[in-house]
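# Overview (structure and organization)
Listed below, chain by chain, are the residues.
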Amino acid sequence: MTERGQLWHGRFEGGPSEALQALNDSLPFDRRMFREDIAGSRAHVTMLAAVGLLTDLERDEILAALDQVETAIADGSFEFAVSDEDIHTAVERGVTEIAPAGAKMHTGRSRNDQVATDLRLWTRSAVAEIRDLVVRLQRTLLAKAEAAGDAYLPGYTHLQQAQPVALAHHLLAHGWALQRDVERLDDAAVRVDVSALGAGALAGSSLPLDPEMTAAELGFAKVFDNSLDAVSDRDFVAEVLFALSLLGVHISRMGEELILWASTEFGFVELDDAFSTGSSMMPQKKNPDIAELARGKAGRLIGNLTGLLATMKGLPLTYNKDMQEDKEPLFDAIDTVRLTLIALDGMIESTTFRTDAMAAQASSPYAAATDLAEWLVAGGMPFRSAHAVVGEQVRNALAGEGSLPELVAAHPDLGAEAAALLEPGVSVTRRTTRGGGSPAAVVAQIERFKAALDG
Ligand code: ARG
């Protein structure tokens, strides 16, 4: 018998092969759940004592040993053994070496309900942390929107200039997408917040356990209703991975715009040196690497989600070792999103908006063509006819018959009042309806956005 297999050595004669160990061990990545594992064990042994399965003395011995193990793992002095398959076995072994009563701490528990509970605890705080970072980015966008005042830029469809909009309007568009991400994270958190402890390996226990007590002890909002479901369910991981993937897609789209806007051709933003990189060969270069990585990281987030779904899709109830593959994609997604949000926040916070370049691009009289048509509609003309009248002037202007303002001023249905709409800076003020792009409409939108952030 090797050191290995301490936990389930009863029915085995030989030790595990090296290949089994290398494939089977999850300690290298699940050790980051040590605090959650220890918290779960504290709750479990407290409950065991409350229902008479441990004496108070045994409980106190184990709790003290758990404190010691936690401190040792945190400060790096804990000695992991080759026999430690995962963080659960490592903690139990460490406790038992300190306190003989540790041999009782796994009473009525399996690593199946233990790992599900640990991962739920870990996910609960990770989601809360990411939520805070998303809100921070929203507040940065809000501050930039408020600072933007009446600045405006072309709005685009098909990446072709469409209608001018306030810069604040554009920035808040990303802010609202992030608001849905916050709501999705909050919603996923509801289903994360369920204790699996007490489900045992799959079927509950013949011992008088109190799953409600451990759930309350760990601050879970709910306790499992079905032991089989409790140990097989990884929906909460999939949901969080989806919320992070869609958040990643939003971050990616912001990144893509910053890349475009930082190009010489657009020139809409000047990136801060601290958030840009240079080229090893071309001395003139200033590159938007953060924005590109924000765009690129979305790929791995989507990969983490689809990987987990593929892992889960064929599994019969209940726990299957395949499910050990749940942790790395989740940890990676959280780490990726955390880093990206922090970097992108700093990048946006430190970016200078070239509002003069934006206004210059947004001041083409063609961008006000829809305003002309709507001006005709306000005077009673059917929209289709108005569209045709203005379209004809645009065609004539493009054919070189005169500038658009000249042709409009000379047209019997249009004239000087209509031509005034083509003056730079006028068009953007026209769309004042709720949620519209004029600076005046954005004032109300900013208030609604603030309310959403505080809500
Ligand atoms: N390390 C495993 C995991 O991460 C938990 C252990 C459950 N293993 C078992 N043989 N029942 O999923």
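Scroll up to find the structure this text is about.
We now turn to the structure provided with this report. All values reported here derive from a predicted model rather than from experimental measurement. (Residues numbered from 1 in each chain as written. Predicted model: local features only at pLDDT ≥ 70, side-chain atom pairs only at ≥ 80, totals over all residues. Heavy atoms only, no water.)

### Some details on the overall build of the protein chain
Counting its regular elements, the protein chain contains 18 helices and 6 strands. Since a compact globule built from 455 residues should have a radius of gyration of about 23 Å, the 30 Å found for the protein chain marks it as more spread out than a globular shape. Referenced to the eigenvectors of the C-alpha coordinate spread, the extents of the protein chain come out at roughly 100 × 55 × 40 Å. When burial is assessed residue by residue, the protein chain has 50% of its 455 residues classed as buried. Put simply, 75% of the contacts in the protein chain that link residues at least 6 apart link residues at least 24 apart. Accessible area for the protein chain stands at about 21,200 Å²; split by element, carbon and sulfur atoms hold 54% of it. The average position of the 40 basic charges and that of the 66 acidic charges among the side chains of the protein chain differ by 2 Å. (Helix = DSSP H or I, 4+ residues; strand = E, 2+ residues; numbered from the N terminus. Rg over C-alpha atoms; globule rule 2.2 N^0.38 Å. Buried < 20%, exposed > 50% of the residue type's maximum accessible area, 1.4 Å probe, protein only. Contact = heavy atoms within 4.5 Å. Areas by Shrake-Rupley, 256 points an atom, 1.4 Å probe, with all protein chains shown as cover. Lys, Arg positive; Asp, Glu negative; His and termini not counted. Charge placed at Lys NZ, Arg CZ, Asp CG, Glu CD.)

### Considerations on helix α3 (residues 34-50)
With 17 residues, α3 extends 24 Å between its outermost C-alpha atoms, agreeing within 8% with the 24 Å of an ideal straight helix rising 1.5 Å per residue. Gly52 occupies a position one or two residues after α3 and carries a positive phi of about 85°. (Expected span 1.5 Å × (residues − 1).)

### Description of the environment of His44
Mapped onto the fold, His44 is located in helix α3. Classification of His44 as buried rests on a relative accessible area of 2%. In sequence terms His44 and Thr107 are 63 residues apart; their C-alpha atoms lie 8.9 Å from each other. Dropping the residues within four chain positions of it, His44 is found in contact with Met105, His106, Thr107, Gly108, Arg109, Leu197 and Thr214.

### Considerations on the nonpolar core
Residues Ile130, Leu167, Leu244, Leu247, Trp261, Leu341 and Leu344 are the most contacted members of the largest nonpolar core, which totals 65 residues. Among the elements that take part in this core, helix α6 (residues 111-148) stands out by supplying 14 residues, more than any other. Setting aside residues no more than four positions away along its own chain, Leu344 makes contact with Leu137, Ile251, Met254, Leu258, Ile290 and Ala294. With 24 residues, the next largest nonpolar core counts Ala49, Leu54, Ala65 and Leu209 among its residues. (Core = buried A, V, L, I, M, F, W, Y, C linked by side-chain atoms within 4.5 Å.)

### Focus: the pattern of salt bridges
Within the structure shown, the criterion is met by 31 salt bridges. One salt bridge connects Arg32 with Asp335, and the closest N-O pair in it is separated by 2.9 Å. Taken together, the positions of Arg32 in the loop between α2 (27-30) and α3 and Asp335 in helix α12 (residues 327-350) put the pair 303 residues apart, joining distant regions of the chain. Its relative accessible area of 34% is what places Arg32 among the partly exposed residues. The partner of Lys450 in a salt bridge is Glu447, and the shortest N-O contact between them spans 3.7 Å. Placement of both Lys450 and Glu447 in helix α18 (residues 439-454) is noted, with a separation of 3 residues, approximately one turn of the helix. The class of Lys450 is partly exposed, set by a relative accessible area of 27%. (Salt bridge = Lys/Arg side-chain N within 4 Å of Asp/Glu carboxyl O.)

### A few points about the site of the ligand
In the vicinity of the ligand, the residues found are Ser26, Asp86, Arg111, Asn112, Val115, Tyr319, Gln324 and Lys327. One nitrogen or oxygen atom from the side chain of Asp86 is found 2.9 Å from a nitrogen atom belonging to the ligand. Measuring from an oxygen atom of the ligand, one finds a side-chain N or O atom of Lys327 at 2.7 Å. Contact with the protein chains removes 85% of the 340 Å² of surface that the ligand exposes when unbound. Among the elements that make up the shell around the ligand, the one with the highest residue count is α6 (3 residues). Classifying every residue of the shell around the ligand gives 2 nonpolar, 3 polar and 3 charged. (Near = heavy atom within 4 Å. Polar contact = N/O pair within 3.5 Å; in protein donor to acceptor, adjacent residues only side chain to side chain. Nonpolar A, V, L, I, M, F, W, Y, C, P; charged D, E, K, R; others polar.)

### Structural notes on unusual backbone geometry
Residue Thr318 is bonded to the preceding Leu317 through a cis peptide linkage, with omega at 0°. With a phi angle near 55°, His158 is a residue other than glycine that sits in the positive phi range. Inspection of the secondary structure puts His158 in the loop between β1 (152-157) and β2 (160-166). In this structure His158 comes out as exposed when scored by relative accessible area, which is 74%. Of note, Leu159 is a non-glycine position whose phi angle comes to about 55°, a positive value.

### Examining the environment of Asp229
Topologically, Asp229 is positioned in helix α9 (residues 227-232). Residue classification places Asp229 among the partly exposed residues on the basis of a relative accessible area of 45%. Expressed as a C-alpha distance, the spacing of Asp229 and His44, which sit 185 residues apart in the sequence, is 20 Å.

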